[in-house]
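Each chain, letter by letter, is given below.
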Amino acid sequence: MEKSAKKSKESIRLAILISGNGSNMQNIVEYCQKRQQQNPFFRIKPIIVLSDQPRAFGLERAQKLGIKALYLNPGKFRTKLEGSAEENYVKTLKKERVHYVVLAGFMRVLKNHFLRSFTGKIINIHPSLLPFFTGLDTYKKALDSNIKQVGASLHLVSQKIDEGCILLQKSLAIEGKNVVELQQSTHKIEHQLFRQWLDLLDKGIFD
Ligand code: GRF
């Protein structure tokens, strides 16, 4: 793994993986740019955006933000990254000397080789208060279950889907919202969680 940038003034180089819209990615890049203008010693540097979908809107967003953005062929599997495709993702990230990999709406499961290449340094955003409602369709699951509070979680990626150590969470009240309204509100708190995480990372809290 790339030498850790811990407890120093060294930059922390970030890669962001997406599959679609890319609002979380945009939020991360814009926040880092803003913090860097305020404080030239702000350490977090988004370096590259990778997408497993050639037409992901997030790729356009990234290009407009002036960050290197690539589509990388995800290989023959529909829901996971394995074999030579996985190798290509890891190689690309290593070449960019990336310290942290952020999954921001990246809709594929990462396997052993990828996980071992960035142990403890892969972060995922999930639209529920984990451990509740892992996997897909979280808004529908939440509405069907009649609970009152939902939310979002930022967690480390581990072998088991959506089960890695939870770093940050934020809740919100359902209060009669439908799926679309719930999704919009959840996106807002996902963005807040990422901004909070970036500031903590800059301060060395997670090193
Ligand atoms: C987010 O809601 C995230 O929790 C989920 O996928 C969505 C991605 O949204 N994993 P965006 O592409 O960042 O707008």
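Parameters and conventions
- Residues numbered from 1 in each chain as written.
- Predicted model: local features only at pLDDT ≥ 70, side-chain atom pairs only at ≥ 80, totals over all residues.
- Heavy atoms only, no water.
- Helix = DSSP H or I, 4+ residues; strand = E, 2+ residues; numbered from the N terminus.
- Rg over C-alpha atoms; globule rule 2.2 N^0.38 Å.
- Contact = heavy atoms within 4.5 Å.
- Areas by Shrake-Rupley, 256 points an atom, 1.4 Å probe, with all protein chains shown as cover.
- Lys, Arg positive; Asp, Glu negative; His and termini not counted.
- Charge placed at Lys NZ, Arg CZ, Asp CG, Glu CD.
- Near = heavy atom within 4 Å.
- Polar contact = N/O pair within 3.5 Å; in protein donor to acceptor, adjacent residues only side chain to side chain.
- Expected span 1.5 Å × (residues − 1).
- Buried < 20%, exposed > 50% of the residue type's maximum accessible area, 1.4 Å probe, protein only.
- Pairing = 2+ DSSP bridges.
- Axes fitted to C-alpha atoms, helices over the stretch in contact; angles between N-to-C directions.

Enquirer: Can you tell me about the overall build of the protein chain, naming the residues and giving the values?
Expert: What the protein chain contains, in helices and strands, is 6 helices and 9 strands. The C-alpha atoms of the protein chain give a radius of gyration of 17 Å, which matches the 17 Å a tight globule of 207 residues would have. Restricting the contact set of the protein chain to residue pairs at least 6 apart, pairs at least 24 apart contribute 65%. Split by element, the accessible area of the protein chain, about 10800 Å² in all, is 51% carbon and sulfur. Distance between charge centres in the protein chain, computed from 33 positive and 19 negative side chains, equals 4 Å.

Enquirer: Tell me about the site of the ligand, and please be specific about residues and values.
Expert: The environment of the ligand is made up of Asn21, Gly22, Ser23, Asn24, Gly105, Ile125, His126, Pro127, Tyr139, His187 and Glu190. Taking Asn21, its side chain carries an N or O atom lying 2.8 Å from an oxygen atom of the ligand. Within the backbone of Ile125, a nitrogen or oxygen atom sits 3.4 Å from a nitrogen atom of the ligand. Look at the ligand: alone it shows 370 Å² of surface, and the protein chains cover 86% of it. Where the shell around the ligand is concerned, the elements lending two or more residues are α1 (23-38), β7 (122-126) and α6 (179-202).

Enquirer: So what's going on with the environment of Gly20? Which residues, and what values?
Expert: Its location among the elements puts Gly20 in the loop between β1 (12-18) and α1. Linking Gly20 and Ser51, residues 31 residues apart in sequence, is a C-alpha distance of 7.8 Å. Setting aside residues up to four positions removed in sequence, Gly20 forms contacts with Ala56, Phe57, Gly58 and Gly105.

Enquirer: Mind laying out α1, listing which residues take part and the relevant values?
Expert: Taking 1.5 Å per residue as the helical rise, α1 with its 16 residues ought to reach 22 Å, and the 22 Å between its terminal C-alpha atoms agrees with that figure. Looking only at α1, the buried set comprises Ser23, Asn24, Met25, Gln26, Asn27, Ile28, Val29, Tyr31, Cys32 and Arg35. Contacts made by the buried residues of α1 are with β1, β2 (44-51), α2 (57-64), β5 (100-103), β7 and α6.

Enquirer: For the sheet that holds β5, give the residues involved together with the corresponding values.
Expert: Taken in spatial order, the 7 strands make up an open sheet running β3-β2-β1-β5-β7-β8-β9, and their pairing is mixed. Each edge of the open sheet carries a strand with a single partner, namely β3 (68-71) and β9 (166-173). Across the sheet, the mean angle from the axis of one strand to that of its neighbour is 20°, orientation sign disregarded. Of the strand pairs in this sheet, β5 and β7 are connected by 3 bridges, and their pairing is parallel.

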